[in-house]
Amino acid sequence: MSKNTISTINQMKTAGEKIAVITSYDAGFTEQIEQAGMDVILVGDSLGMVVQGHESTLPVTVADMVYHTANVMRVSSRTMVIADMPFMSHGTPEQALDTAGRLMKEGGAHMVKIEGGAPQLDTVRHLTARAVPVCGHLGLMPQSIHQLGGYRVQGRGEHEGERILKDAVALQQAGAQMLVLECVPSVLAAEITQALDIPVIGIGAGPDTDGQVLVLYDMLGITLRGKPSFVHDFLADKGSISEALSAYVRSVKEGRFPGPEHTFS
Ligand code: KIV
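Residues numbered from 1 in each chain as written. Predicted model: local features only at pLDDT ≥ 70, side-chain atom pairs only at ≥ 80, totals over all residues. Heavy atoms only, no water.

A. Highlighting the layout of surface pockets. Quantified by volume, the largest pocket comes out at close to 660 Å³. As for the largest pocket, its lining consists of 35 residues, of which M49, E182, V215, D218 and P228 are closest to the centre. Contributing elements (two or more residues each) for the lining of the largest pocket: α3 (47-50), β4 (111-115), β6 (178-182) and β8 (211-214). Within the lining of the largest pocket, the residues separate by chemical class into 18 nonpolar, eight polar and nine charged. One number sums up the size of the second largest pocket: a volume of about 550 Å³. E115, G116, M141, S144 and Q147 are, among the 25 residues lining the second largest pocket, the residues nearest its centre. Looking at the lining of the second largest pocket, the elements that each hand over two or more residues are β5 (134-139), α7 (145-148) and α8 (158-174). (1 Å grid on protein atoms, 1.4 Å probe; cavity = no way out; pocket = protein on both sides within 12 Å on 5 of 7 lines; lining within 4 Å. Points joined across faces, edges and corners; volume = space filled by probe spheres on them. Helix = DSSP H or I, 4+ residues; strand = E, 2+ residues; numbered from the N terminus. Nonpolar A, V, L, I, M, F, W, Y, C, P; charged D, E, K, R; others polar.)

B. View of the packing of aromatic side chains. A complete count under the given rule lists six aromatic pairs for this structure. Between the aromatic rings of F29 and Y217, the centroid separation amounts to 6.2 Å while the plane-to-plane angle is 50 degrees, which identifies the pairing as tilted. Placement of F29 in helix α2 (residues 27-35) and of Y217 in helix α10 (residues 216-219) is noted, with a sequence separation of 188 residues between them. In this structure Y217 comes out as buried when scored by relative accessible area, which is 15%. Between Y248 and F257, the aromatic rings sit 6.1 Å apart at their centres with planes inclined by 65 degrees, giving edge-to-face as the arrangement. (Phe/Tyr/Trp six-rings, centres within 6.5 Å; stacked < 30°, edge-to-face > 60°. Buried < 20%, exposed > 50% of the residue type's maximum accessible area, 1.4 Å probe, protein only.)

C. Fine view of the environment of M12. Tracing the chain through its elements places M12 in helix α1 (residues 6-15). On a C-alpha basis, the gap between M12 and C135 in space is 16 Å, while along the polypeptide they are 123 residues apart. Those residues in contact with M12 that sit more than four places away from it in its chain are E17, K18, I19, D39 and K253. (Contact = heavy atoms within 4.5 Å.)

D. Focus on unusual backbone geometry. Of the consecutive residues F257 and P258, the connecting peptide bond is found in the cis state with omega at 5 degrees. By the element assignment, P258 lies in the segment after α12 (241-253). Phi is positive for M88, which is not a glycine, with a value near 65 degrees. Position of M88 relative to the elements: it lies in the loop between β3 (80-84) and α5 (93-105). For A131, which is not a glycine, the phi torsion comes out positive at approximately 70 degrees. Within the secondary structure, A131 is located in the loop between α6 (121-128) and β5.

E. Broad picture of the site of the ligand. Looking at the ligand, the residues that line it are T23, L42, G44, D45, S46, D84, K113, H137, V180, E182, I203 and V215. Residue S46 places a side-chain N or O atom 2.6 Å away from an oxygen atom belonging to the ligand. If the ligand stood free it would expose 260 Å²; the protein chains cover 96% of that surface. Among the detected pockets, the ligand sits in the largest pocket. (Near = heavy atom within 4 Å. Polar contact = N/O pair within 3.5 Å; in protein donor to acceptor, adjacent residues only side chain to side chain. Areas by Shrake-Rupley, 256 points an atom, 1.4 Å probe, with all protein chains shown as cover. Sits in = over half its atoms within 2 Å of the grid points.)

F. Summary view of the state of the cysteines. Inspection of every chain in the model, using the stated rule, returns zero disulfides. Take C135: it sits in no disulfide, and the sulfur closest to it among the cysteines is that of C183, at 16 Å. (Disulfide = S-S within 2.5 Å.)

G. Representation of α8. A rise of 1.5 Å per residue sets the reference length of α8, with its 17 residues, at 24 Å; its end C-alpha atoms lie 24 Å apart and thus fit the reference within 8%. The complete set of buried residues in α8 reads G161, I164, L165, D167, A168, A170, L171, Q172 and A174. Residues of α8 that are buried sit in contact with α6, β5, β6 and α9 (186-195). Directly beyond the C-terminal end of α8, a positive phi value near 120 degrees is found at G175. (Expected span 1.5 Å × (residues − 1).)

H. Focus on the side chain of T30. With respect to the helices and strands, the residue T30 is situated in helix α2. Residue classification places T30 among the buried positions, given a relative accessible area of 0%. Setting aside residues no more than four positions away along its own chain, T30 makes contact with S24, I41, V72, V75 and S76.

I. Quick peek at the nonpolar core. Of all hydrophobic cores here, the largest spans 85 residues; its most connected members are L179 and L181. For L179, the contacting residues outside a window of four places in its chain are C135, G136, H137, L138, A168, L171, I192, L196, I198, P199, V200 and I201. (Core = buried A, V, L, I, M, F, W, Y, C linked by side-chain atoms within 4.5 Å.)

In structure tokens:
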């Protein structure tokens, strides 16, 4: 099977084929994820919570991200791999370029993900003008948890929804080639997905985005701080990790996940 690239993922959006994305942080899980037919792997800074046991993603360092990205890349042969830019690693365009350079050169990532809208536009322009592919991240942004005051749905209400839509369009114009939308009402996610040419990947954003992403540990029922309501425990249904991963891919592709019980209005 050929390797997924941003062109493959764009073609999936055009063809209306749902994109299956999951986080991974090591070689063993990555091999199983590849065998399940996943389209994209995100080396998320969620590793700070699910692997390292921190209360938030804030303590994760660039060195952590490089280490875990390299673990994934060592066995990944077919999936496209995106690596998160951790908290305080992209405060200026120059610092962001340095971080992205490490994630791509030392880690081997194919794309980097940055949380934030309007304040990140200069950075996104700076990176994309220098051959760094960027995925944006809007809605609930875990690196802003202390500003947000908790992990809760974003974009409820006309004003907030419009701001997120405006940020999404601006990120695309700045050169972002993919967007993650986290914990927003499904109607807003559908509107943003329609408005953008780039693939939109949802988590807690309803069924109408171009694809879905889940944190690996969450969908295997390994939840240190309780299972978020938008997650389904695929391991509980299936009994083996490889079956759980395949069931997730199939459920995303067939539009069966997320269901109404995983969706915010
Ligand atoms: O860090 C992460 O795993 C993420 C996903 C929740 C999208 O950003």
